[in-house]
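# Topology and contacts: notes
Here's the letter readout for the chains.
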Amino acid sequence: MTENTTPESWKLTLPCHKDEAERLQEDIAAFAGRDFPPVLMTSEPDPHKPEEWLLEAFFSEEPTDADIEALLDVLPSSRREDVVIEPVFPADWVSISQSYLQPITAGRFHIYAEHSRDSLKPGYIGIRIEAGQAFGTGQHATTSGCLATLDALATDGLEPENALDLGTGSGILAFAMSKAWPRLRIAASDIDPVSVDVAIENAEMNSVSVGEAAGQIAFLPAAGLDHPLLRQRAPYDLVTANILAGPLIALAPDIAGSMKAGGFLILAGLLTDQEESVLNAYAALGLELKQRRLNGDWPTLLLQKLS
């Protein structure tokens, strides 16, 4: 049998600084309009050098000079001569991509891929997420912070009835809410229609019911709360928004206005130096900070609407 020598994808490797790697999700916008944007993964290869990180970008086609320049623009410490580009062949891709999806535990929630199914222990709530097009495999500090906060609310006895997951990505936080509160009515939205399609596929994989009734999740594409169903289902007594600091501030009036008095709001996707601006935007609308979790430079904020 003839060996297949056609690359399935291409990998670009580039050293960078820790702060650049942590901001990459927020800063990189050059690939947003592509049909098949690259998968960007960052890691800390040497624990003894905590400031020296590594970017690995997987492209469907060989990266162009413009692709390289787009990455260098948001990684100012990196040099073009350090760029390494190599083909990834079909036999290698599954093991390479899955190796990055190590299981994580946040509170009672355990996020895993099929290859690590055996890592799920009794007493934990399993959520299976595979590598895919949509952002969100549970690996980022913002996601784990939201999961831990949701678990703490459930453990403390909160019993919400109507929830919203704004910017659902792959659906992880919506699934966590569904599993923590099986009768909860949930709306989950994302500005990216691809994310919505992937989240629906992930719901089936996790035996989560999709629909508009209690105990179901209604997935829909929307920019912020700009959708008739989102407005119709308000007010919400639990909202999660793991997006970015800019949209969190811009959407503050809409989010606060959609919430029930006494309802809880979980905010993430911001960095510590953006925290004051975000909190000020919500404090002006009657929301009070109740809890703060910090994972590296990424805070997760729990707020409550006072009236």
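Before any of the text, the structure's been laid out above.
Below you will find a few notes about this structure. (Residues numbered from 1 in each chain as written. Predicted model: local features only at pLDDT ≥ 70, side-chain atom pairs only at ≥ 80, totals over all residues. Heavy atoms only, no water.)

### Focus on the nonpolar core
This is how it is decided: The criterion is simple. A nonpolar core is a set of buried Ala, Val, Leu, Ile, Met, Phe, Trp, Tyr and Cys residues joined through side-chain atoms within 4.5 Å. Think of it in three bands: with a 1.4 Å probe and only protein chains considered, a residue is buried below 20% of the maximum accessible area for its type, exposed above 50%, and partly exposed in between. Starting at the N terminus, helices and strands are each numbered in turn, a helix being any DSSP run of H or I of at least four residues and a strand any DSSP run of E of at least two. Contacts are residue-level and defined by heavy atoms, with any inter-residue pair within 4.5 Å sufficient.
Counting residues in each nonpolar core, the largest one holds 36 residues, and the members touching the most others are L150, W181 and F219. In terms of residue count, the dominant contributor to this core is helix α5 (residues 172-180) (seven residues). With residues near it in sequence (within four places) discarded, W181 still touches L150, L153, A154, L158, E159, P160 and L238.

### Things to note about the sheet that holds strand β7 (residues 125-128)
Filter applied, for reference: Pairing between strands is defined by DSSP: at least two bridges between them are needed. Angles shown run from 0 to 180 degrees and are taken between the N-to-C directions of axes, each axis being a line fitted to C-alpha atoms and, for helices, limited to the stretch in contact.
In space, the three strands of this open sheet follow the order β5-β6-β7, with mixed pairing throughout. The sheet is open, and its two borders are formed by β5 (104-106) and β7, each paired with just one other strand. Strand-to-strand, the axes of this sheet are offset by a mean angle of 25 degrees, without reference to chain direction. For strand β6 (residues 109-112) and β7, the ladder comprises four bridges, and the chain directions are parallel. Paired with I111 across the bridge in β7 is I127.

### Considerations on the packing of aromatic side chains
Threshold: Pairing of aromatic side chains requires ring centres within 6.5 Å, counting the rings of Phe and Tyr and the six-membered ring of Trp. Pairs whose planes differ by under 30 degrees are stacked, by over 60 edge-to-face, and all others tilted.
Using the criterion set out here, one finds one aromatic pair in the structure. Ring centres of F175 and F219 lie 6.1 Å apart, and the angle between their planes is 70 degrees; on these two criteria the pair is classed as edge-to-face. Of this pair, F175 sits in helix α5 while F219 sits in strand β10 (residues 217-221), and the two are 44 residues apart along the sequence. We classify F175 as buried; its relative accessible area is 0%.

### So, the pattern of salt bridges
Operational definition: By definition here, a salt bridge exists when the distance from a side-chain nitrogen of Lys or Arg to a carboxyl oxygen of Asp or Glu is within 4 Å.
Applying the stated criterion across every chain yields a total of eleven salt bridges. For D65, the salt bridge identified is with R80, shortest N-O distance 2.8 Å. Here D65, found in helix α2 (residues 65-74), pairs with R80, found in the loop between α2 and β4 (84-88); they are 15 residues apart in sequence, far enough to count as distant. Residue class for D65 comes out exposed when judged on its relative accessible area of 54%.

### Quick notes on unusual backbone geometry
Going from A234 to P235, the amide bond is cis rather than trans, its omega being 5 degrees. Take P235: it is sitting in the loop between α7 (228-233) and β11 (236-242). Even without a glycine there, the phi angle at S207 is positive, about 55 degrees. As for its placement among the helices and strands, S207 is situated in the loop between α6 (193-205) and β10. A residue is classified by how much of its surface remains accessible, and S207, at 70% relative accessible area, is exposed.

### Overview of the sheet that holds strand β9 (residues 185-190)
Strands sit in the order β10-β9-β8-β11-β12-β14-β13 across an open sheet of seven strands; the sheet is mixed. The open sheet has two free edges, formed respectively by β10 and β13 (287-295), since each of these has just one partner strand. Recorded for the sheet is a direction-independent mean angle of 15 degrees between the axes of neighbouring strands. Two strands pair when backbone bridges link them, and strand β8 (residues 162-166) and β11 are joined in this way by four bridges, in the parallel orientation. Across the sheet, the residue bridging to L164 is V239, located in β11. Across the sheet, helix α4 (residues 141-155) is in contact with β11, β12 (259-268), β13 and β14 (298-305); its angle to β14 comes to roughly 40 degrees. With respect to the sheet, helix α10 (residues 275-283) is in contact with β12, β13 and β14, its orientation differing from that of β14 by roughly 10 degrees.

Remember, this is a structural readout, not a statement about activity or role.
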